[in-house]
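The lines below spell out each chain.
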Amino acid sequence: MAYFDFLSGTKYFNKQFGQNLLGFSVEALAAFLHYQWPGNVRELKNVLESIFINCPVERITLSDLPEPIGEAMVLEDFAEKNERERVLETLSAVKWNKSRAAEQLNWSRMTLYRKMEKYHISDN
């Protein structure tokens, strides 16, 4: 996706639609940056126009975004939580034998160690 300056974009759309939105919440901005934008810049522009036309609040939040954009963020959070639980369950099932856990998860031991670090899982 081409670079898009959200600060300038906010000013542009505020002026175009006579709004005074302050910008995006951290979660909404993260969802925008995470979304794949299959329609490229045109899709981004259409979504922003729709939000600025219909948004009665000062700051755009995750709930103000169209479903596919907000949903992508929620699904990713769910996937990470699900993966963390899978790692914990597998480690518990093999009595924290990391070689066996990695084998059952079809990962290398290094991948297991990285996931454990990512999710703050330790056997201490």
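Residues numbered from 1 in each chain as written. Predicted model: local features only at pLDDT ≥ 70, side-chain atom pairs only at ≥ 80, totals over all residues. Heavy atoms only, no water.

Caption draft 1: Representation of the packing of aromatic side chains within the structure. A full pass over the atoms with the stated rule returns four aromatic pairs. Consider the rings of Tyr12 and Phe13, whose centres lie 5.0 Å apart with planes at 80°: the pair is edge-to-face. For Tyr12, a relative accessible area of 44% translates into the label partly exposed. A ring pair is formed by Tyr35 and Trp37, whose centres lie 4.7 Å apart and whose planes are at 85°; its orientation type is edge-to-face. Trp37 shares its class with Tyr35; the two are buried. Cluster of aromatic residues (ring-pair linked, three or more members): Tyr12, Phe13, Phe17 and Phe52. The side chain of Lys115 reaches across the aromatic face of Trp107, ending 5.5 Å from its centre. (Phe/Tyr/Trp six-rings, centres within 6.5 Å; stacked < 30°, edge-to-face > 60°. Buried < 20%, exposed > 50% of the residue type's maximum accessible area, 1.4 Å probe, protein only. Lys NZ or Arg CZ within 6 Å of the ring centre and 35° of its normal.)

Caption draft 2: Main features of the confidence of the model for the chain. Mean pLDDT for the chain: 80, with 85% of residues reaching 70 or above. At the level of individual helices and strands, the chain shows its lowest average pLDDT in helix H1 (residues 6-17), which scores 75, and its highest in helix H6 (residues 109-118), which scores 92. (pLDDT = per-residue confidence, 0-100. Helix = DSSP H or I, 4+ residues; strand = E, 2+ residues; numbered from the N terminus.)

Caption draft 3: Inspection of the side chain of Thr90 at higher detail. When you line up the elements, Thr90 lands in helix H4 (residues 67-93). Ignoring sequence-local partners within four residues, the contact set of Thr90 consists of Ala101, Gln104 and Leu105. (Contact = heavy atoms within 4.5 Å.)

Caption draft 4: Expanded view of the nonpolar core. Within the largest apolar cluster, 17 residues are counted, with the highest numbers of intra-cluster contacts made by Phe32, Trp37, Leu48, Ile51, Ile60, Leu65 and Ile69. Residue assignment for this core shows that the elements contributing at least two residues are helix H2 (26-34) and helix H3 (40-54). No other element matches the five residues that H3 contributes to this core. Residues Leu91, Ala101, Leu105 and Trp107 belong to the second largest nonpolar core, which totals 11 residues. (Core = buried A, V, L, I, M, F, W, Y, C linked by side-chain atoms within 4.5 Å.)

Caption draft 5: Highlighting the packing of helix H5 (residues 98-105) against H6. Put simply, H5 and H6 touch, their axes get as near as 9 Å, and they point 100° apart. The angle between H5 and H6 falls in the class roughly perpendicular. Contacts from Lys98, Ser99, Ala101, Ala102 and Leu105 of H5 reach H6 at Arg109, Leu112, Tyr113 and Met116. When grouped by side-chain class, the residues that make up the contact of H5 with H6 number six nonpolar, one polar and two charged. (Axes fitted to C-alpha atoms, helices over the stretch in contact; angles between N-to-C directions. Parallel < 35°, antiparallel > 145°, perpendicular 65-115°, else oblique. Nonpolar A, V, L, I, M, F, W, Y, C, P; charged D, E, K, R; others polar.)

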